[in-house]
Amino acid sequence: MKHLILLVFSVCLLSCGGSKTVRDSKKVIKGEWTLNSISYSEAGTYNTTLFNDESKTCFEGSTWQFIPNNNTGLYTINNLDCTMGERYFVFTIQEIDETTGLYDFLLKPTNKKGKSETNQGFRLRLSALSDTNMQWQQTVMVDNKPFTINMNFTK
């Protein structure tokens, strides 16, 4: 009976922690990144506002810092034609592919103390991650069709 209880307890502990794939990805994502370019799945000119904050032009060149041990971070808008400064966020990882280690995550804007005024988040797909490059994809519906925004980062 003791062995059964110990086994159940061990399984519970292991299931609560993230997988090795997610832990390794967190090590890679940690640090400072630059959002170099944003592209779309469809050709054309679009007026997009990302994360209910600023336009594509304002986000290009922004710097992002990820602190995975507490799932927080901040990004800084550097474009003089935009509302410059730091914005804070929390992110939650949801693994989707054990073999690649790529996953969906939820990014939720917050204040400096980690509190969200609206409790609204944005679901993103981590579509590529290496030591020096990262790509996010956000899919939204436009005219009842999926439309993907690709965000390309370098470290």
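Residues numbered from 1 in each chain as written. Predicted model: local features only at pLDDT ≥ 70, side-chain atom pairs only at ≥ 80, totals over all residues. Heavy atoms only, no water.

A. Summary view of the state of the cysteines. The final tally for this structure, using the stated rule, is one disulfide. With a sulfur-sulfur separation of 1.9 Å, Cys-58 is cross-linked through a disulfide to Cys-82. In this structure the cystine formed by Cys-58 and Cys-82 twists about its S-S bond by roughly -85°; its chirality is therefore left-handed. Note that Cys-58 is positioned in helix α3 (residues 56-59) and Cys-82 in the loop between β5 (72-77) and β6 (85-95), a separation of 24 residues in sequence. By the burial criterion, Cys-58 is buried, and Cys-82 matches it. (Disulfide = S-S within 2.5 Å. Helix = DSSP H or I, 4+ residues; strand = E, 2+ residues; numbered from the N terminus. Buried < 20%, exposed > 50% of the residue type's maximum accessible area, 1.4 Å probe, protein only.)

B. The pattern of salt bridges, seen in detail. All told, the structure shown has three salt bridges when counted by the stated rule. Its salt-bridge partner being Glu-60, residue Lys-56 comes within 4.0 Å of it at the nearest N-O pair. A residue is classified by how much of its surface remains accessible, and Glu-60, at 28% relative accessible area, is partly exposed. What emerges from the salt-bridge pattern is a single network uniting Asp-53, Glu-54 and Arg-87. (Salt bridge = Lys/Arg side-chain N within 4 Å of Asp/Glu carboxyl O.)

C. Quick look at the packing of aromatic side chains. One pass over the structure, following the stated rule, counts 22 aromatic pairs. Plain terms: the ring middles of Tyr-40 and Tyr-46 are 5.3 Å apart, the flat faces sit at 70° to each other, and that makes the pair edge-to-face. What makes Tyr-40 buried here is its relative accessible area of 15%. Ring pairs connect the aromatic residues Phe-51, Phe-59, Trp-64, Phe-66, Tyr-75, Phe-89, Phe-91, Phe-105, Phe-122, Trp-136 and Phe-153, which therefore count as one cluster. (Phe/Tyr/Trp six-rings, centres within 6.5 Å; stacked < 30°, edge-to-face > 60°.)

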